[in-house]
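Structural features, examined
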Amino acid sequence: MPVLFLLSLLLPVYTITGHDASAHTSEETGNAAISVPRGIVSAVLWSSRIGWVMICAIMLAIPDLNAGAAQGGPCFTKQ
């Protein structure tokens, strides 16, 4: 369960990295008042879209959801 919790933090970390990158480059960006907020919103949108695709891919890769749920965490590592 702790590993699952740490893995679930990856998407917010990627989103925060996008915010951080936008904030750090704002000093060198032309028209920063418009470009930086646009970059932050873009980072959130892309992170949510990619996360949604990843969740859908994982759910579609499990042939039998009931059998996968019964196995718990090892359903992703056993062949």
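This text gives an overview of the structure that appears in the document. (Residues numbered from 1 in each chain as written. Predicted model: local features only at pLDDT ≥ 70, side-chain atom pairs only at ≥ 80, totals over all residues. Heavy atoms only, no water.)

Some details on the overall build of the protein
For the protein, the count of helices and strands is four helices and zero strands. Counting helices and strands in the order they occur from the N terminus, the protein gives α-α-α-α. The 79 residues of the protein split such that 11% are buried. A total accessible area of about 6500 Å² is found for the protein, and carbon and sulfur atoms account for 72% of it. (Helix = DSSP H or I, 4+ residues; strand = E, 2+ residues; numbered from the N terminus. Buried < 20%, exposed > 50% of the residue type's maximum accessible area, 1.4 Å probe, protein only. Areas by Shrake-Rupley, 256 points an atom, 1.4 Å probe, with all protein chains shown as cover.)

Regarding helix H3 (residues 32–61)
Taking 1.5 Å of rise per residue, the 30 residues of H3 would be expected to cover 44 Å, and the 42 Å separating its terminal C-alpha atoms lies within 8% of that figure. Within H3, burial applies to Val36, Ala43, Ser47 and Gly51. (Expected span 1.5 Å × (residues − 1).)

Examining a nonpolar patch on the surface
Taken together, the side chains of Val3, Phe5, Leu6, Leu7, Leu9, Leu10, Leu11, Val13 and Tyr14 make up a nonpolar region of the molecular surface, amounting to roughly 870 Å² of accessible area. Elements that contribute at least two residues to the nonpolar patch include exactly helix H1 (2–8) and helix H2 (10–24). Relative to the elements of secondary structure, Val3 occurs in helix H1. Note on Val3: relative accessible area 59%, which makes it exposed. (Patch = residues over 30% accessible without salt bridge, like charges linked within 9 Å, V, L, I, M, F, W, Y side chains within 5 Å. Salt bridge = Lys/Arg side-chain N within 4 Å of Asp/Glu carboxyl O.)

Digging into the layout of surface pockets
Looking at the largest pocket, its volume works out to about 420 Å³. Along the walls of the largest pocket sit Leu4, Leu7, Ser8, Leu10, Leu11, Tyr14, Ser47, Ile50, Gly51, Met54, Ile55 and Ile58, which together make up its complete lining. Those elements giving two or more residues to the lining of the largest pocket turn out to be H1, H2 and H3. The element contributing the most residues to the lining of the largest pocket is H3, with six residues. Split into classes, the residues belonging to the lining of the largest pocket amount to nine nonpolar, three polar and no charged. (1 Å grid on protein atoms, 1.4 Å probe; cavity = no way out; pocket = protein on both sides within 12 Å on 5 of 7 lines; lining within 4 Å. Points joined across faces, edges and corners; volume = space filled by probe spheres on them. Nonpolar A, V, L, I, M, F, W, Y, C, P; charged D, E, K, R; others polar.)

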